[in-house]
Amino acid sequence: MLTTKAPRFWFAALAGVLAIACYPTPSRAADDPALKEQIRILKQRIDELNKQVDELAKKEQQDAAAAAAAAKPAPAPAVGPPAEPKFEAFAKEYKDKGAEPKLAAFMKGFFGTLDVSIDETTKGMSDLIAYHFGSAPNGGPPYPNNGPKSPPGPFGRVSWLAAMSSNGSNVGYRGQQKIGTTDVDFIYQVSTSLNMVAAPGLQNTWTKSSNTVQGAIGLGDTWVGLQGKEWGKLKFGEMLTPYRTSTDRLNPFAGQLGDYGVVMGNTGGDNRVEFGTRMDHVVMYNSPTMQGFSFDAAYAFGQNPDPNNNITPLGSPDCTGSNSPGSGNLFLNCDDGGFNWAFSADLKYETGPLYLTAAYELHSKVNRSSDGIGSNSPFYGALAGCGTVAAPNPNASPLLDCADFLAFAAEFPDAAAVSSPPYSTAFDVADEWAMKVGGQYRFDFGLTVSYFWEEMHRSLPDVMQFQNERQRTGDWLALDWVLNGGTDRIAVGWAHAGATPGDPSGQHNFNPNLLGNNQSNMYTLAWWHKLDKQLTYYLNVADTANDGNAHYDIGAGTHGIKTDCHDATHTTFTDFSSAGPTTWGGCHPIGVSTGLNYKF
């Protein structure tokens, strides 16, 4: 290949030859015009040749650069897997540094349960017949009540009924943050209860009303607090009390029809649990574990301006006691369990397969004056009546709230004609407490045995004991087997409610010949099959056998649909022996439930 210097040399030599051959003498150049023209043309050609040489040099440099680039070796083909996506590379970088990816750490804060079942249940009371003892208006003596609007049997669909239920479904987020350079963490949790099978809204039925909204943030254990490794946790918010959490692990049927909350912690046998429930305005302390021992203590602020706790507390949507004003067609107040402050505590011990616990809870000044409304007890009927607005009875029993009743009668005479006065708050506002002791043992071959005994007490004067259904003892026993390496579980349970010293006798078919005959036994059987680590299929059967005047249900606790002992009496079907939905003692609820449970 020619270089730039070679063309320059040959063109210079050619120009020299032409110049010598044509060089003129002075006289000749001046006399010969043709020679002048040849010299001009020669110079022009030399200039053009120099220009071509420059262009050729530039091109040669470009070609040399391209050849040098082509001479470089090509990069070796990629070996191994393709390049990682940006997120995986980001995660790997954090892993190599020994730290969790920030996003993965954030996602770990979410938790929840999604549970939906299909139930087939019966109230087991279609063949019951009422004892037609009614209370005459103003508390007169009992009388047979065989009016056309009070048929001999329960009203509505009280036999087998299919339903779809969302049971304990919830979604939440929890986390913690170290406070500066201290050894104290800021901790927090936000939770919400979900209805997976119906639109969110107020939880109102003809037997129970609530102003809380399913799906709202904060309907669940929601709190902020402080945590120290040496001294434990201090939390502020809405929480389940220690009376409940101390025995959660003894209840394999949580969220199912046979949840132990049907009987345990349930003082009245209705479809709600009074002791061991979630409370508002709670300060909670959880101790660290010391040589197997730990304890928890909680205080719930009352925040109720009314001295008899007859209105909703400040800052709460419902009355304390799990009711809203007017629940069960009662008057618009909190006289069906409203209380002021509450205290709850537990003591726990765990070593190896053994777990032991004791718990206590106190509710201050619980208002039960509505126990007198609609009562058909002969004892209640024998009390001196209030008289009428025009002629009040001066000999009226002090056990009755005649002043409020007569004021109500003056404003709503039609309603008062089929109603009756409640008990006086001077006699039927009293402290209630509950205590329980029990434990659990896990055997090596997969069997777990759980048991606890419970006592509940209402501090009433002797004169009111005839209507005290809130005081009794109870037992809970559960056997739980893990099979097939944890793929399957089978559990059986038994709950027993002891007799109470009295009965408010508000049931339509209250039998005055069976005073104190209000014990109950619930039997539960369930099978769980794990489809994977988080998803479980289950089948559950529950049976509650009530004595003649008892009315415990199936489903109280965290099961979404409660099958209780109320019939379908409502505002368009007036029951003259009861102020609201009629409760039938001696009902026999039975149910079968099957569904899916997903935890994350």
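Residues numbered from 1 in each chain as written. Predicted model: local features only at pLDDT ≥ 70, side-chain atom pairs only at ≥ 80, totals over all residues. Heavy atoms only, no water.

Helix and strand content of the protein: nine helices and 19 strands. Across the 600 residues in the protein, those meeting the buried criterion constitute 45%. Long-range pairs, those at least 24 residues apart, make up 69% of the contacts in the protein with a sequence separation of at least 6. As presented, the protein carries roughly 30,000 Å² of accessible surface, and 63% of it is formed by carbon and sulfur atoms. (Helix = DSSP H or I, 4+ residues; strand = E, 2+ residues; numbered from the N terminus. Buried < 20%, exposed > 50% of the residue type's maximum accessible area, 1.4 Å probe, protein only. Contact = heavy atoms within 4.5 Å. Areas by Shrake-Rupley, 256 points an atom, 1.4 Å probe, with all protein chains shown as cover.)

Let us look at the side chain of Q227. Looking at the secondary structure, you find Q227 in strand 7 (residues 222-228). Residues in contact with Q227, not counting those within four places in the same chain, are Q176, D183, V184, D185, I187, G232 and K233.

Bridge count for strand 10 (residues 293-300) against strand 11 (residues 342-351) is eight bridges, and the pairing is antiparallel. Within the sheet, the bridge partner assigned to A297 lies in strand 11 and is A345. Bridge count between strand 11 and strand 12 (residues 354-367): ten bridges; the pairing is antiparallel. Note on strand 12: the bridge partner recorded for A345 is Y360. (Pairing = 2+ DSSP bridges.)

Glancing now at a nonpolar patch on the surface. Taken together, L483, I490, V492, L525, W527, L539, V541 and V592 make up a surface patch of nonpolar side chains, about 550 Å² in accessible area. Every element with two or more residues in the nonpolar patch is listed here: strand 16 (488-497), strand 17 (520-530) and strand 18 (535-546). (Patch = residues over 30% accessible without salt bridge, like charges linked within 9 Å, V, L, I, M, F, W, Y side chains within 5 Å. Salt bridge = Lys/Arg side-chain N within 4 Å of Asp/Glu carboxyl O.)

On to the side chain of E469, then. One can find E469 in the loop between strand 14 (447-458) and strand 15 (472-483). With residues near it in sequence (within four places) discarded, E469 still touches T267, G268, T500, G502, D503, P504 and H551.

Applying the stated rule across the entire model yields 18 aromatic pairs. Judged by centre distance (4.9 Å) and plane angle (65°), the ring pair of Y441 and F443 falls under edge-to-face. A connected cluster of aromatic rings, assembled from ring pairs, spans F253, Y260, F452, W476 and W528. The ring of F111 has R174 sitting right over it, with the charged end atom 3.8 Å from the ring centre. (Phe/Tyr/Trp six-rings, centres within 6.5 Å; stacked < 30°, edge-to-face > 60°. Lys NZ or Arg CZ within 6 Å of the ring centre and 35° of its normal.)

Below, the discussion takes up the environment of G493. By the element assignment, G493 lies in strand 16. Taking relative accessible area as the criterion, G493 reaches 9% and is therefore assigned buried. C-alpha of G493 to C-alpha of Y260: the two residues are 233 residues apart in sequence and 8.3 Å apart in space. G493 has contacts with F253, W476, L477, A478, M522, Y523 and T524, leaving out every residue within four places of it along the chain.

Following the criterion strictly, the structure yields three disulfides and no others. Paired through a disulfide, C319 and C334 show a sulfur-sulfur distance of 1.9 Å. Residues C319 and C334 share a disulfide whose torsion about the S-S bond is about -75°; that sign makes it left-handed. Remark: C334 occurs in the loop between strand 10 and strand 11 and C319 occurs in the loop between strand 10 and strand 11; sequence separation between them is 15 residues. Taking the relative accessible area as the measure of exposure, C319 reaches 7% and is therefore buried. Note that C565 is cross-linked by a disulfide to C587, the S-S spacing being 1.7 Å. Here C565 is found in the loop between strand 18 and strand 19 (590-599), whereas its partner C587 is found in the loop between strand 18 and strand 19, with 22 residues between them in sequence. Each member of the pair C565 and C587 is classed as buried. Each bonded cysteine of the protein is numbered by sequence order, and under that numbering the disulfide pairs are 1-2, 3-4, 5-6. (Disulfide = S-S within 2.5 Å.)

Turning our eyes to something else, we now look at unusual backbone geometry. Although it is not a glycine, Q303 sits at a positive phi angle of roughly 55°. You can see Q303 is positioned in the loop between strand 10 and strand 11. If you check the backbone angles, N484 has positive phi at about 55° while not being a glycine. Here N484 shows up in the loop between strand 15 and strand 16.

On to the nonpolar core, then. The biggest cluster of nonpolar side chains holds 21 residues, and the ones touching the most others in it are F253, V263, M264, F452, W476, M522 and W528. Within the residue set of this core, elements represented by two or more residues are strand 15, strand 16 and strand 17. (Core = buried A, V, L, I, M, F, W, Y, C linked by side-chain atoms within 4.5 Å.)

Pairing of strand 5 (residues 170-178) with strand 6 (residues 184-193) involves nine bridges; the strand directions are antiparallel. Across the sheet, residue Q176 finds its bridge partner in strand 6, namely I187. Between strand 5 and strand 6, which pair antiparallel in sequence order, lie five residues; one of them, G180, sits at a positive phi of approximately 55°. Note that strand 6 and strand 7 share six bridges and pair antiparallel. Each bridged residue has a counterpart across the sheet, and for I187 the counterpart in strand 7 is G225.

For side chains of opposite charge, pairing can occur when their charged atoms come near one another. Within this structure, the stated rule accounts for 14 salt bridges. For D248, the salt bridge goes to R244, with nearest N and O atoms at 2.7 Å. The partly exposed category is assigned to D248, whose relative accessible area is 29%. Residues R272 and D336 are paired through a salt bridge, measuring 3.4 Å at the closest nitrogen-oxygen approach. Remark: D336 occurs in the loop between strand 10 and strand 11 and R272 occurs in the loop between helix 6 (242-245) and strand 9 (278-286); sequence separation between them is 64 residues. D336 carries the same exposure label as R272, and that label is buried.

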